[in-house]
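Residue-level structural notes
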Amino acid sequence: MDFPRLLALLLMVLEWSRPGLPSPLRPICDLRVLNHFMKEARDAEVAMKSCGEGCTMSEPVTVPQTRVDFDVWENKNGLEQAEEVQCGLWLLQQGLSSLRTSVTDTALHSHIDNCIRNLLSINAVLRSLNIQEYTPPTSATGLEGTWSVTSATDLLQVHVNFLRGKVRLLLLDAQACQQDVS
């Protein structure tokens with residue numbers, strides 16, 4: 001092994017063994033992943049705004065409220081917060097799937113597909129944090145904390161805001177994502 005590689009290996013070992021440093025966050029808690037998902041959602045929103053024909057929704061879809069009342073949010077227990085986020089993710093997935101079938105512009109299909117895959121990834125992250133799996137209702141009608149949107153850009157804006165708000169708050173507060181400081 002040549003000297004630069006040996007030095008790099010030695011530095012890595014020394015870095016890992018330094019006492020008194022907080023342990024690194026688990027990869028699932030790294031908010032850079034969520035930031036990447038938000039960037040892709042914004043990219044989809046921008047692409048949708050610049051789309052002319054073939055970019056409309058065939059029917060209104062139910063979406064989660066994105067406004068966060070911090071007093072109410074903090075008074076909810078972790079299970080209630082998780083259910084609210086999971087319900088919102090499910091509603092967004094349903095809305096994006098509906099949008100995917102009504103949009104005829106094939107260039108937008110990849111943006112929408114990315115958004116759907118990202119929502120599924122967030123659900124996988126929540127499961128890995130030992131958050132109980134969400135059982136969706138048979139219908140979105142009558143769900144508390146929802147409203148309807150009729151445009152694709154509104155749907156994608158709700159998607160961005162939901163990730164930026166409630167999903168981020170849930171991940172920041174997750175017990176498994178708290179840094180241990182020794």
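This text goes with the structure placed above it.
Reading the values: the criteria
- Residues numbered from 1 in each chain as written.
- Predicted model: local features only at pLDDT ≥ 70, side-chain atom pairs only at ≥ 80, totals over all residues.
- Heavy atoms only, no water.
- Helix = DSSP H or I, 4+ residues; strand = E, 2+ residues; numbered from the N terminus.
- Buried < 20%, exposed > 50% of the residue type's maximum accessible area, 1.4 Å probe, protein only.
- Contact = heavy atoms within 4.5 Å.
- Salt bridge = Lys/Arg side-chain N within 4 Å of Asp/Glu carboxyl O.

When helices and strands are counted, the chain shows six helices and two strands. Ordered by position from N to C terminus, the α and β elements of the chain give α-α-β-α-α-α-β-α. Burial status across the chain gives 37% buried among its 182 residues. In the chain, once contacts between residues fewer than 6 apart in sequence are set aside, the share between residues at least 24 apart is 88%.

The next point concerns the pattern of salt bridges. Under the definition given, this model contains five salt bridges. We note a salt bridge from Lys39 to Asp43, for which the minimum N-O separation is 2.9 Å. With a gap of four residues between them, Lys39 and Asp43 both fall in helix 2 (residues 31-49), about one helical turn apart. Note that Glu84 is salt-bridged to Lys166, the shortest N-O span being 2.4 Å. Separated by 82 residues along the polypeptide, Glu84 in helix 4 (residues 78-102) and Lys166 in helix 6 (residues 152-173) bring together distant segments of the chain. A relative accessible area of 6% means that Lys166 is categorised as buried.

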